[in-house]
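Next come the chains, spelled out residue by residue.
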2 protein chains.
Amino acid sequence: MKNHEECKSHIPPIKDVLDLIGSKWKVDIIIALSCDIHRFNELERQIEGISPRMLSKELKDLELNRLIQRDEISPFSNTFKYSLTEHGWSLREVFRAMLTWGIDYRNKVMVKTN
Amino acid sequence: MKNHEECKSHIPPIKDVLDLIGSKWKVDIIIALSCDIHRFNELERQIEGISPRMLSKELKDLELNRLIQRDEISPFSNTFKYSLTEHGWSLREVFRAMLTWGIDYRNKVMVKTN
DNA sequence: CGGGATCCATCGAGATACTG
DNA sequence: CAGTATCTCGATGGATCCCG
């Protein structure tokens, strides 16, 4: 067992991850992007329940934090594609860990708070 | 690349994890518990800024979801210890993935939203 | 020691309508 | 097509005081 100072040093990077992907639609968006859905309207259709306002906001957050990038498909076309950056892709290992744990948890426990 | 239905099936278990550990103090509490801090007042002192109200609430959530357990230290002592259950401990692999990614992210990017 | 009860400010997020 | 602009409201969480 470690001393508490060392333990505490683990907290900020972990909270960074939660800040980056913890808001309501970030996981949906990242997974959709990883699944070859790239356009705003595609995302809006595929992510059930999201409003354009929230989609726009979440995309901006993700772009600001360099998890995704936004590129014009062809010059002056006014159509854009969103895609994961390398940082975004590297999140998959975190997702994999959460997925594995989450499935196991669902099988064994499943007492939801909400 | 997979079809989107398969992708989507990954979302709920991942969101479960975020629901379980995403609120403000959960990570702090779980890490403190994993670091041999077990008593209510110890937790309150070590987790800087938490109020007894929030500590109490978060502990109850975690207990309800079977990530921690609460045991009386000796009968009728009115002193309790909180500790991680097996499920709680198994979260460490998720934390490890987040920690690794988070440290890497801090080194390379660090544009915080807030 | 280990909490509970109340009150209150903030903020995340939904609904709806509109725009270049 | 790819977003903005308002308005609204419930949940989250802080502050403070109290209790057995």
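Before reading further, recall that the structure is shown in the block above.
The structure reproduced in this document is the subject of the present report. Because the structure is a prediction, the values reported are computed rather than measured.

Further remarks concern the pattern of salt bridges. According to the stated counting rule, one finds 16 salt bridges over all chains in the structure shown. Taking the shortest distance from any N to any O, the salt bridge between Lys108(A) and Asp104(A) comes out at 3.4 Å. Of this pair, Lys108(A) and Asp104(A) both sit in helix H7 (residues 92-108), four residues apart, roughly one helical turn. Of the charged contacts in the structure, one is a salt bridge between Glu58(B) and Lys26(B), with a shortest N-O distance of 3.4 Å. Separated by 32 residues along the polypeptide, Glu58(B) in helix H5 (residues 52-64) and Lys26(B) in helix H3 (residues 26-33) bring together distant segments of the chain.

Before going further, it helps to spend a moment on the protein's contact with DNA strand D. For DNA strand D, the set of nearby residues contains 18 residues, the closest of which are Asn41(A), Ser56(A), Lys60(A), Tyr82(A) and Lys24(B). The contact in question runs from a phosphate oxygen of DNA strand D to an N or O atom on the side chain of Asn41(A), over 2.6 Å. Measuring from a phosphate oxygen of DNA strand D, one finds a side-chain N or O atom of Trp25(B) at 3.3 Å. Counting only elements with at least two residues in the surface near DNA strand D, the list comes to helix H4 (40-46), helix H5 (52-64) and strand E2 (80-84) of chain A together with H5 of chain B. The residue inventory of the surface near DNA strand D, partitioned by class, reads six nonpolar, six polar and six charged.

With respect to the helices and strands, Asp16(B) occurs in helix H2 (residues 11-21). With a relative accessible area of 3%, Asp16(B) lands in the buried category.

Where helix H3 (residues 26-33) of chain A contacts H2(B), the axes come no closer than 10 Å and their chain directions differ by 145 degrees. In terms of crossing hand, the pair formed by H3(A) and H2(B) is right-handed. Contacts between H3(A) and H2(B) pair Val27(A), Asp28(A) and Ile31(A) from the former with Ile11(B), Ile14(B), Lys15(B) and Leu18(B) from the latter. Classifying every residue of the contact of H3(A) with H2(B) gives five nonpolar, no polar and two charged.

Moving on to the relation of the copies chain A and chain B. With an axial shift of 0.0 Å and an RMSD of 0.1 Å, the rotation relating chain A to chain B amounts to 180 degrees. Here the copies are linked by what is in effect a two-fold axis.

Surveying the vicinity of DNA strand C reveals 18 residues, the closest of which are Lys24(A), Asn41(B), Ser56(B), Lys60(B) and Tyr82(B). Looking at DNA strand C alone, sugar and phosphate atoms form 69% of those within 4 Å of the protein. Here a phosphate oxygen of DNA strand C sits 2.8 Å away from a polar atom, N or O, in the side chain of Arg70(B). Within the backbone of Phe80(B), an N or O atom sits 3.5 Å from a phosphate oxygen of DNA strand C. Elements with a minimum of two residues in the surface near DNA strand C: H5 of chain A together with helix H4 (40-46), H5 and strand E2 (80-84) of chain B. Per element, the largest residue contribution to the surface near DNA strand C is four residues, and it comes from H5(B). By residue class, the composition of the surface near DNA strand C is six nonpolar, six polar and six charged.

Further remarks concern unusual backbone geometry. All names here are of chain A. At Arg 66, a position not held by glycine, the phi torsion is positive, near 65 degrees. Here Arg 66 shows up in the loop between H5 and strand E1 (68-72). By relative accessible area, Arg 66 is classed as partly exposed at 47%. Residues other than glycine seldom take positive phi values, yet Asn 78 does so here, at roughly 60 degrees. Mapped onto the elements of the fold, Asn 78 is located in the loop between E1 and E2.

A pair of packed helices is characterised by two quantities: the angle between their axes and the separation of those axes. Their axes nearest at 7 Å, the elements H7(A) and H2(B) cross at an angle of 90 degrees. Judged on the interaxial angle alone, H2(B) and H7(A) are roughly perpendicular. Contacts from Phe95(A), Met98(A), Leu99(A), Trp101(A), Gly102(A), Ile103(A), Tyr105(A) and Arg106(A) of H7(A) reach H2(B) at Pro12(B), Pro13(B), Ile14(B), Asp16(B), Val17(B), Leu18(B) and Leu20(B). For the contact of H7(A) with H2(B), the class distribution of residues is twelve nonpolar, one polar and two charged.

Conventions used here
- Residues numbered from 1 in each chain as written.
- Chains lettered and ligands numbered in written order.
- Predicted model: local features only at pLDDT ≥ 70, side-chain atom pairs only at ≥ 80, totals over all residues.
- Heavy atoms only, no water.
- Salt bridge = Lys/Arg side-chain N within 4 Å of Asp/Glu carboxyl O.
- Helix = DSSP H or I, 4+ residues; strand = E, 2+ residues; numbered from the N terminus.
- Near = heavy atom within 4 Å.
- Polar contact = N/O pair within 3.5 Å; in protein donor to acceptor, adjacent residues only side chain to side chain.
- Nonpolar A, V, L, I, M, F, W, Y, C, P; charged D, E, K, R; others polar.
- Buried < 20%, exposed > 50% of the residue type's maximum accessible area, 1.4 Å probe, protein only.
- Axes fitted to C-alpha atoms, helices over the stretch in contact; angles between N-to-C directions.
- Left-handed = near helix turned anticlockwise from the far one by under 90°.
- Contact = heavy atoms within 4.5 Å.
- Least-squares fit on C-alpha atoms with pLDDT ≥ 70 in both.
- Parallel < 35°, antiparallel > 145°, perpendicular 65-115°, else oblique.

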